[in-house]
Amino acid sequence: MRKIIRLVLFLLVFGLMKHTPHAESAFERLPLVPQVTARGGTSVGWSEGKSAFLWNPAAEISPRALLSATYSKPFGIDDLAEGLLSYSHTIANSGSLGLGWSRLNATGYHEDRQSVAFSWGKELGRVGIRLDRFGIGIDGFGDRAALGVSVGGVLKIHPSVRMGVAANSINRPKIPRPLPRSWEIGIGLQAIPELLLVTDLRKVDERAVQIRAGGELLVSRHFSLRAGMHNQPWEIVVGWGIQLQSLVIDYAWVNHSRLDGTHQIAVGWRFERL
């Protein structure tokens, strides 16, 4: 397993230093939010819920403030871990503020993202902006940091239908090579009060379009089931959510064709409105 870690680190370092166009980092992967991950990664069209501002800056926040901590061990690889701490609450009824700090950590390498997002809207829809500070550290190579800008919007076509758009890293921050822009559009349908269906399309530079689709079923007032899929690469995801008064727990599992599956778990606490 340590040989795999060393190989991954070598490819990351070589790609970052040589500016190769296909070297990916955590900044290009989907944010670590189990509630959204378990729906196939769909949170652009129907953009609301825990830490949704990391997917679409125009996300609608619950009237109750929420503090959430998430942990994941990607592909079950030893010495590779990912975490997220986020906080969100409403401002003056029509606005919302989201704060997040995430880290991917491996032996001799780490990636950090600090995020601040603000959105505003009325019944018809919302607009939002998010600022991300990306930072990387490689033992023996030093640290780098850059500021990214993302924008988004959500249109409420009907009480049960929403459409959203998001443009991420539109300024292409260099860290040290420019991160790719991603353009996303999505739609969400509240088919029945207990069932939400969502789908997104994601385009990253010259790469093929990624299709994401999923849903969430409210089994009871305290328990939800979620499932979804996406291509590029093909993966199936499932998960669940539990809410017991102020305590919120979300779980997601993502399969992989060659490596072990990835587990994500988040524990949150809802506060009275601030």
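Read on for an overview of the structure. (Residues numbered from 1 in each chain as written. Predicted model: local features only at pLDDT ≥ 70, side-chain atom pairs only at ≥ 80, totals over all residues. Heavy atoms only, no water.)

What to know about the packing of aromatic side chains
- All chains considered together, the criterion is met by 1 aromatic pair.
- Considering the side-chain rings of W240 and Y251, the 5.6 Å spacing of their centres and the 25° angle between planes classify their relative orientation as stacked. You can see W240 sitting in strand β12 (residues 235-244) and its partner Y251 sitting in strand β13 (residues 247-254), a full 11 residues away along the chain.
- On the basis of relative accessibility, which here comes to 18%, the residue Y251 falls in the buried class.
- R162 extends its terminal NZ or CZ atom over the ring of W46, reaching a point 4.1 Å from the ring centre. (Phe/Tyr/Trp six-rings, centres within 6.5 Å; stacked < 30°, edge-to-face > 60°. Helix = DSSP H or I, 4+ residues; strand = E, 2+ residues; numbered from the N terminus. Buried < 20%, exposed > 50% of the residue type's maximum accessible area, 1.4 Å probe, protein only. Lys NZ or Arg CZ within 6 Å of the ring centre and 35° of its normal.)

As for the nonpolar core
- Judged by nonpolar contacts, L32, V33, V36, A52, F53, L54, W55, A59, L84 and A117 together constitute the single largest core of 10 residues.
- Once you skip the residues sitting within four places of it in the chain, V33 turns out to touch K50, S51, L54, W55, L84 and Q264.
- Residues Y109, F134, I136 and I138 belong to the second largest nonpolar core, which totals 8 residues. (Core = buried A, V, L, I, M, F, W, Y, C linked by side-chain atoms within 4.5 Å. Contact = heavy atoms within 4.5 Å.)

Quick look at the pattern of salt bridges
- Summed over all chains, the structure comprises 11 salt bridges.
- Across the salt bridge formed by R39 and E216, the nearest N and O atoms sit 3.2 Å from each other. Taken as a pair, R39 in the loop between α2 (34-37) and β1 (66-72) and E216 in strand β10 (residues 210-220) lie far apart in primary sequence, 177 residues in all. As far as burial versus exposure is concerned, R39 and E216 are alike and both buried.
- Between D200 and R212 there is a salt bridge whose closest N-O contact spans 3.4 Å. Of this pair, D200 sits in strand β9 (residues 195-204) while R212 sits in strand β10; the two residues are 12 residues apart in sequence, bridging distant segments of the chain. In this pair, the class of D200 matches that of R212, namely buried.
- Residues joined in a network through salt bridges with shared partners are R39, E216, R226 and D250. (Salt bridge = Lys/Arg side-chain N within 4 Å of Asp/Glu carboxyl O.)

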